[in-house]
Amino acid sequence: MSIRRASHAGSWYTDSGSELSRQLDRWLGAAELSHGPARAIIAPHAGYTYCGACGAYAYRQVSPVVVKRIFILGPSHHVRLRGCALSVAKKYKTPLYDLKIDTQVNAELEKTGHFSWMDMKTDEDEHSIEMHLPYIAKVMEDFKDQFKIVPILVGSLNPEQEALYGGILATYFTDPENLFVISSDFCHWGQRFSYTYYDRSCGPIHKSIEKLDKQGMDIIETLSPSAFTEYLRKYNNTICGRHPIGVMLGAVKVLQNQGYNNKMSFKFLKYAQSSQCKDMDDSSVSYASGSLIFEI
């Protein structure tokens, strides 16, 4: 059986199961349930020192008693990928317990002809999916034998492709037993990211970054794929999970056309920055956590 190692444990987060469990408990305990039960969440994928507390606000909205399947859409950081790819693994290891892959859903997605497969090296090199696994394991621990995961690596998609994949996944969105985890950090600012947009009217650089991010977050809350695409074209904000977010918005668009229009609501619950940029030599990464609910 092919098992994906927890390749970033011990560096991006602790490889001690008991310590990890305590950390996650603490962060989840500090977040409140205010916009759930989530059908989809957006949460960051950086090292837990930077974004662990922020991510808790999204995961706090998950109702583990309902969820049976968790789709994790993460951007590809290391390989050039034109579409979306599925995992060849049967299990994903975490320091808490192993997560099982839903091979039946993988087979259904492969049949569409629009998914490729990532090899194990690509899978283990990538952190955008792995950084969500401990949170998933923690939130679901009382139901650990009742759910499976569907990891999907998302490549550089154009808006039409985002709409295509959104259409494929829309049918899964309608089932309350399915949860979608959209993996994304927000602005990567600084010379090392080749992005130094600065609106001086905001005052310090970190305030300009916050305004830029919050503008994007407000647009995501409108659930309009075209408005989000336009925002990215205008500002080129370095939101690394823009394509997974675009796929989620594409799925929502399909559901709106099917009559779910007034029933869906997305809300951001937490925003943070790795550090506060004050001069042009500084750098930072922003993080945001939010939740999509279907109102009954």
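Residues numbered from 1 in each chain as written. Predicted model: local features only at pLDDT ≥ 70, side-chain atom pairs only at ≥ 80, totals over all residues. Heavy atoms only, no water.

**Student:** Would you mind going over the packing of helix H6 (residues 159-173) against helix H9 (residues 242-260) with me for this structure?
**Tutor:** A pair of packed helices is characterised by two quantities: the angle between their axes and the separation of those axes. One way to put it is that H6 packs onto H9 with a least axis distance of 7 Å and a crossing angle of 60°. One way to sum up the angle between H6 and H9 is to call them oblique. The handedness of the crossing between H6 and H9 comes out as right-handed. Counted together, Glu162, Ala163, Tyr165, Gly166, Gly167, Leu169, Ala170 and Phe173 of H6 and Arg242, His243, Gly246, Val247, Met248, Gly250, Ala251, Val254 and Leu255 of H9 form the full contact between these two elements. Its residues assigned to classes, the contact of H6 with H9 comprises ten nonpolar, five polar and two charged. (Axes fitted to C-alpha atoms, helices over the stretch in contact; angles between N-to-C directions. Helix = DSSP H or I, 4+ residues; strand = E, 2+ residues; numbered from the N terminus. Parallel < 35°, antiparallel > 145°, perpendicular 65-115°, else oblique. Left-handed = near helix turned anticlockwise from the far one by under 90°. Contact = heavy atoms within 4.5 Å. Nonpolar A, V, L, I, M, F, W, Y, C, P; charged D, E, K, R; others polar.)

**Student:** Where do I start with the sheet that holds strand E5 (residues 91-92) in this structure?
**Tutor:** One key point about sheets: their strands pair by backbone hydrogen bonds, in either a parallel or an antiparallel sense. Ordered by their spatial adjacency, three strands build an open sheet running E1-E5-E6, and the pairing between neighbours is mixed. Each edge of the open sheet is held by one strand with a lone partner, namely strand E1 (3-4) and strand E6 (99-100). Across two bridges, E5 lies against E6 in antiparallel orientation. Following the sheet pairing, Lys91 is matched in E6 by Lys100. (Pairing = 2+ DSSP bridges.)

**Student:** Sorry if this is basic, but what is going on with the packing of aromatic side chains here?
**Tutor:** Note on aromatic pairs: each is described by the distance of the centres and the angle between the planes. Using the criterion set out here, one finds 13 aromatic pairs in the structure. The interplanar angle of 85° and the centroid separation of 5.9 Å between the aromatic rings of Trp27 and Tyr48 together place this pair among those described as edge-to-face. Remark: Tyr48 occurs in helix H2 (residues 48-59) and Trp27 occurs in helix H1 (residues 17-30); sequence separation between them is 21 residues. Classification of Trp27 as buried rests on a relative accessible area of 14%. (Phe/Tyr/Trp six-rings, centres within 6.5 Å; stacked < 30°, edge-to-face > 60°. Buried < 20%, exposed > 50% of the residue type's maximum accessible area, 1.4 Å probe, protein only.)

**Student:** Teacher, can you tell me more about the packing of helix H3 (residues 103-111) against H6 here?
**Tutor:** Closest axis-to-axis distance for the H3/H6 pair is 11 Å, and the angle between their directions is 145°. In this structure, H3 crosses over H6, and the sense of that crossing is right-handed. Two secondary-structure elements touch here, H3 through Val105, Glu108 and Leu109 and H6 through Ile168, Leu169 and Tyr172. Counted by class, the contact of H3 with H6 contains five nonpolar, no polar and one charged residues.

**Student:** Would you explain unusual backbone geometry in this entry?
**Tutor:** The peptide bond linking Gly36 to Pro37 adopts the cis configuration, its omega dihedral lying at 0°. With respect to the element layout, Pro37 can be found in the loop between H1 and strand E2 (40-43). For Ser194, which is not glycine, the phi torsion reads 55° and is therefore positive. Looking at the secondary structure, you find Ser194 in the loop between strand E10 (188-189) and helix H7 (205-221). Its relative accessible area of 69% is what places Ser194 among the exposed residues. Positive phi, normally seen in glycine, also occurs at Leu223, with a value near 65°. With respect to the helices and strands, Leu223 occurs in the loop between H7 and helix H8 (225-235). Take Leu223: its relative accessible area is 4%, and that puts it in the buried class.

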